[in-house]
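Per-entry structural report
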Amino acid sequence: MRAIEVTDVFKTYRTRSGSVEALKGVSLHVEKGDIFGVIGHSGSGKSTLIRCINRLEKFDRGSIFVGGSDLMSLSEKELRQKRQKIGMIFQQFHLLRNDSVYGNVLLPLTYAGSGKAAAAEKADRLLTRVGLREKRGAYPSQLSGGQQQRVAIARALANDPEILLCDEATSALDPDTTHSILALLKELNQELQLTVLIITHEMAVVKDICSNVAVLDGGKIVEQGKTLEMFTNPRHSVTKQFANSLFEQDKIKEVLLGEYVKKVIGSGGLVARLIFKGEKANDALISDVSRRFGIDASIIFGNIEIIQSQPLGNLYVAFSGPADRIAEAVDYAAAQGVLVQRVAENAERR
Amino acid sequence: MFSAFDFILDFVKPFFPNVAQYWARVVKAIVETLEMVSVSFGFVAVLGVALGIVLVVISEGHLYENKILNTVVPRLVNLFRSIPFVILVAFILPFTRFMVGTAVGVPGAIVPIVVAMVPFVARQVELALLEVNRGVIDMALSLGFSKPYIVFRILLKEARSGIVRALTLSSISLVGYSAMAGVVGGGGIGDLAIRYGYARFMSDITLLSLLLLLGIVFFLQGIGNFVLERLGT
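Quick caveat, the model's predicted, so the values are computed rather than measured.

Some points on the overall build of chain A
Check the secondary structure of chain A and you find 13 helices and 14 strands. Judged by the C-alpha coordinates and their principal axes, chain A covers about 80 × 50 × 40 Å. Counting over 350 residues, chain A shows a buried share of 53%. In chain A, of all internal contacts separated by at least 6 residues, the share reaching a separation of at least 24 is 70%. When the accessible surface of chain A is totalled, it reaches about 15900 Å², and 48% of it is carbon and sulfur.

Here is the structure:
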């Protein structure tokens with residue numbers, strides 16, 4: 001059974017100054033136990049989408065099934081019970097200022113009517129799990145952002161949800177803290193078979209933990225699939241933007257304008273971008289090609305990203321030597337399962 | 001009751017000759033003011049906070065969003081807030097008689113004080129409740145909490161220091177209203193100051209009235225500050 005099934009959802013906000021179409025027919029499904037990312041720029045409709053999934057926001061058309069039940073057909077009371085099984089964490093944490101860390105985690109437990117002792121024991125266990133057992137008496141204002149988000153996670157898990165919705169949950173945190181929160185989410189995903197849906201505008205988040213990703217733009221999903229594949233070979237322009245931000249692609253432009261590249265191209269050479277996936281990234285392809293075809297291959301720019309613990313290599317290589325040898329070399333590389341894009345070459349070669 | 005104030009009498013006699021002469025009247029005025037302030041404060045606090053909650057939750061996009069109520073209630077509140085107090089006292093006279101059976105004395109003053117103060121407090125409480133981040137309500141909804149639980153357990157608790165501030169401020173305004181209500185038959189310190197201090201040129205009584213009212217105000221502010229400190233804000 002799929003954990004979340006969104007089918008053709010439309011949502012328009014009507015205000016006095018006009019109406020805004022936030023979602024224009026969004027469909028996606030999230031498998032049970034998956035960590036699914038939805039990435040998009042601000043205004044793409046991603047926050048609206050996640051808020052529809054626990055019906056903080058009503059939608060106009062389409063259907064959303066969560067854990068097999070149709071959200072729109074639920075009564076108020078059934079919806080409240082359903083929401084207890086859909087945890088949610090927020091960018092601004094939203095802890096209660098006038099309750100201690102312990103009080104914040106205890107709140108959903110007392111509401112659900114657990115006995116005092118059982119609730120206390122569970123709150124303790126949750127705080128221990130997120131590593132904040134010793135801060136139980138502190139108030140939110142005394143905690144760092146990362147600690148506050150940990151408390152919010154503990155609180156969201158109090159009702160043993162099957163799904164956790166993360167609405168820009170790491171966007172207010174620094175990169176190190178982001179990383180530790182994501183690591184915690186990943187652990188919880190594996191320990192509790194928790195389905196996690198993450199909404200973000202940060203590539204780093206998707207890269208770190210999402211196994212599947214959907215790219216949202218202008219209220220529509222423009223591309224979705226396995227994270228590694230999506231960013232190895234992005235098709236839609238927005239996906240390309242995100243992929244480029246991952247590889248710091250803007251830096252290559254300067255390199256391509258440099259003297260060395262001009263010289264290589266002037267002498268009939270070629271600059272190509274090679275994208276290696278998975279174990280291919282570990283092979284010594286460059287030196288292999290260089291030896292095999294008797295040409296020079298120098299790496300002018302490159303990086304290797306770890307996506308979902310799989311390496312994804314991105315190399316810009318300047319080949320110089322006889323034109324036919326270079327052409328053979330490129331074909332050979334492509335035959336080895338490496339994605340080759342010609343970036344710069346002498347115009348006369350075409 | 002009067003004997004409790006006798007030691008003050010010995011102290012003020014040389015400086016406040018008229019006060020000494022009308023001592024029984026002064027003590028009666030103090031008791032009347034304390035009655036007016038404390039009884040009306042009870043009603044004002046309960047009704048004002050309740051109306052403040054209503055103002056917030058019926059507003060657009062809130063828990064009990066209601067277009068019709070949200071058009072009517074805030075306008076009524078504004079209407080009552082814009083009527084000058086002395087005119088309100090006269091205007092609602094029939095209502096006062098209906099509620100407490102008389103339009104004079106302490107009970108007759110309490111009704112207009114409450115009617116005038118409740119909208120004022122409600123607006124203050126509304127502001128305090130609006131200070132609570134809207135995201136907190138989303139958070140509470142996402143945990144599957146019921147709306148009444150969110151209002152009483154989350155919204156009120158998160159806004160409590162703002163509400164205490166609003167109530168302190170209101171209790172002080174209330175002292176002022178009680179002085180005015182005195183003029184229209186409620187008795188109390190304001191009445192004393194006008195009828196003796198002003199009309200009979202007994203300026204020592206005016207001065208004493210002023211000091212007494214100031215004392216009450218400082219006392220109320222002190223209680224407010226104490227409560228805020230205990231709440232840890």
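Concerning the overall build of chain B
Along its length, chain B carries 12 helices and 0 strands. The secondary structure elements of chain B, listed N-terminal to C-terminal, are α-α-α-α-α-α-α-α-α-α-α-α. When its C-alpha atoms are laid out on the principal axes, chain B stretches across 70 × 40 × 25 Å. Counting every position in chain B, which comprises 233 residues, the buried fraction comes to 49%. Taking contacts inside chain B between residues at least 6 apart in sequence as the whole, the part at least 24 apart equals 72%. Accessible surface computed for chain B: about 11700 Å², of which carbon and sulfur atoms make up 70%. With 17 positive and 13 negative side-chain charges, chain B shows a spacing of 5 Å between the two charge centroids.

Describing the pairing of strand β11 (residues 270–277) of chain A
Residue and element names in this part refer to chain A. Most of β11 is tucked away: 7 of the 8 residues are buried. Bridge count between β11 and strand β13 (residues 310–320): 8 bridges; the pairing is antiparallel. Across the sheet, the residue bridging to Leu 274 is Leu 315, located in β13. As paired strands, β11 and strand β14 (residues 339–345) are joined by 6 bridges and run antiparallel to one another.

Structural notes on the nonpolar core
Note that soluble globular proteins tend to have their nonpolar side chains buried in a common cluster. A:Ile4, A:Val6, A:Leu28, A:Ile64, A:Leu165 and A:Leu197 are the most contacted members of the largest nonpolar core, which totals 97 residues. For this core, the element with the most residues is helix α7 (residues 105–130) of chain B, which contributes 15 residues. Those residues in contact with A:Ile64, other than ones at most four positions away along the chain, are A:Glu5, A:Val6, A:Val9, A:Cys52, A:Ile53, A:Phe59, A:Ser69, A:Asp70 and A:Leu71.

Digging into the sheet that holds strand β4 (residues 61–66) of chain A
All names here are of chain A. Taken in spatial order, the 4 strands line up as β2-β1-β4-β5 in an open sheet, and their pairing is antiparallel. Of all strands in the sheet, those with a lone pairing partner are β2 (18–31) and β5 (69–70), marking the two edges. Sheet topology places β4 next to β5; 2 bridges connect them, and they run antiparallel. Looking at the pairing, Val 66 lines up with Ser 69 of β5. Sitting on the sheet, helix α1 (residues 46–53) touches β1 (2–15), β2 and β4, and the angle it makes with β2 is about 60 degrees.

Some words on the side chain of B:Ser170
Tracing the backbone through its elements, the reader meets B:Ser170 in helix α10 (residues 160–186). When sequence neighbours within four positions are dropped, the list of residues in contact with B:Ser170 reads B:Met117, B:Phe120 and B:Val121.

Digging into the environment of B:Leu210
For B:Leu210, the position within the fold is in helix α12 (residues 203–231). With 95 residues separating them along the chain, B:Leu210 and B:Val115 place their C-alpha atoms 25 Å apart.

Looking at the packing of aromatic side chains
Aromatic ring pairs are defined here through the distance separating the ring centres and the angle between the ring planes. For the structure on display, the rule yields 7 aromatic pairs over all chains. One Lys or Arg, A:Arg136, reaches over the ring of A:Tyr102 and ends 4.2 Å from the middle of that ring. We note B:Lys147 situated over the ring of B:Tyr64; from NZ or CZ to the ring centre the distance is 5.2 Å.

A short note on the interface of chain A and chain B
Across the contact, 23 residues belong to chain A and 19 residues belong to chain B. Between chain A and chain B, roughly 2000 Å² of surface is buried when both sides are summed, and carbon and sulfur atoms account for 54% of that area. Each residue belonging to the side of chain A that touches chain B can be placed in one class, and the counts come to 10 nonpolar, 5 polar and 8 charged.

Quick notes on the confidence of the model for chain B
For residues with low pLDDT, the predicted coordinates do not support detailed interpretation. The predicted model of chain B averages 90 in pLDDT, with 97% of residues at 70 or higher. With a pTM of 0.84, the predicted complex shows an ipTM of 0.83.

Points about the side chain of A:Asp167
With respect to the helices and strands, the residue A:Asp167 is situated in strand β7 (residues 163–167). The contact partners of A:Asp167, leaving out residues within four places of it in the chain, are A:Ser47, A:Ile50, A:Met88, A:Ile89, A:Phe90, A:Gln91 and A:Ile199.

Notes on the sheet that holds strand β12 (residues 296–307) of chain A
Residue and element names in this part refer to chain A. Pairing is antiparallel in the open sheet, where 4 strands are placed in the order β12-β13-β11-β14. Lying at the two open borders of the sheet, with one neighbouring strand each, are β12 and β14. Within the sheet, the average angular offset between the axes of one strand and its neighbour, ignoring direction, is 15 degrees. Sheet contacts for helix α13 (residues 323–335): β11, β13 and β14; angle to β14, the most-contacted strand, approximately 150 degrees.

A word on helix α4 (residues 67–82) of chain B
All names here are of chain B. Given a rise of 1.5 Å per residue, 16 residues ought to cover 22 Å, and the 23 Å separating the end C-alpha atoms of α4 matches this to within 8%. All of the buried residues in α4 are Val 73, Pro 74 and Val 77. Seen end-on, α4 carries its buried residues on one side only, within an arc spanning 90 degrees. Set apart from the buried face of α4 by more than 90 degrees, the exposed residues are Lys 67, Ile 68, Arg 75 and Ser 82. Along its buried surface, α4 packs onto α3 (23–57) and α7. Backbone nitrogen of Ile 68 and a side-chain oxygen of the N-cap are separated by 3.1 Å at the start of α4; the cap is Asn 66.

Points about unusual backbone geometry
Residue and element names in this part refer to chain A. In this model, Asp 8 sits at a positive phi of 50 degrees, which is unusual for a non-glycine residue. Topologically, Asp 8 is positioned in strand β1. Non-glycine residue Glu 168 carries a positive phi angle of around 50 degrees. Topologically, Glu 168 is positioned in the loop between β7 and α6 (175–192). Judged by relative accessible area, Glu 168 falls into the buried class, the value being 8%.

Digging into the environment of B:Leu34
Residues and elements named next belong to chain B. Relative to the helices and strands, Leu 34 resides in helix α3. Since its relative accessible area comes to 44%, Leu 34 is described here as partly exposed. Remark: the alpha-carbon pair of Leu 34 and Ile 189, spanning 155 residues in sequence, is separated by 9.4 Å.

Cut-off values and rules
Starting afresh in each chain, residues are numbered from 1 along the sequence in its written order. Numbering of ligands from 1 and lettering of chains from A proceed in the order in which they are written. Predicted model: local features are reported for residues with pLDDT of at least 70 only, side-chain atom pairs are reported and counted for 80 or more only, and whole-chain, interface and lining totals are derived from all residues. Think of the side-chain values as coming from all heavy atoms in the structure, minus any hydrogens and water. The helix and strand labels rest on DSSP assignments: H or I over at least four residues marks a helix, E over at least two residues marks a strand, and numbering proceeds from the N terminus. Type-normalised accessible area, obtained with a 1.4 Å probe on protein chains alone, sets the label of each residue: buried when under 20%, exposed when over 50%, and partly exposed for intermediate values. Two residues form a contact once any of their heavy atoms are found within 4.5 Å. Working definition of accessibility: Shrake-Rupley area with a 1.4 Å probe, residue cover restricted to the visible protein chains. In this charge count, Lys and Arg are treated as positive and Asp and Glu as negative; neither His nor the chain ends contribute. Where a charge sits is defined by one atom per residue type, namely NZ (Lys), CZ (Arg), CG (Asp) or CD (Glu). Criterion used throughout: strands pair if DSSP finds at least two bridges between them. Here the nonpolar core consists of buried residues drawn from Ala, Val, Leu, Ile, Met, Phe, Trp, Tyr and Cys, with membership extended through side-chain atoms lying within 4.5 Å. Lines fitted to the C-alpha atoms define the axes, with helices restricted to the stretch that makes contact. Angles between their N-to-C directions range from 0 to 180 degrees. Classification of ring pairs uses Phe, Tyr and Trp, with its six-membered ring standing for Trp, and accepts pairs whose centres are within 6.5 Å; under 30 degrees between planes counts as stacked, over 60 as edge-to-face, and the remaining range as tilted. By definition here, charges over rings are those cases where NZ of Lys or CZ of Arg is within 6 Å of the ring centre and within 35 degrees of the ring normal. As used here, buried area is the combined drop in accessible area, with a 1.4 Å probe, of two parts when they are placed together. Each residue receives one of three labels: charged for Asp, Glu, Lys and Arg, nonpolar for Ala, Val, Leu, Ile, Met, Phe, Trp, Tyr, Cys and Pro, and polar for the others, Gly being one of them. Values of pLDDT, which run from 0 to 100, indicate the predictor's confidence residue by residue. Helices are assigned an expected span. That span is 1.5 Å times one less than the residue count. In this description, one arc is meant: the one made by directions from the helix axis to the C-beta atoms. Any pair of nitrogen or oxygen atoms within 3.5 Å is treated as a polar contact; in protein, a donor-acceptor pairing is required on top of that, and neighbouring residues in sequence qualify only through side-chain atoms on both sides.

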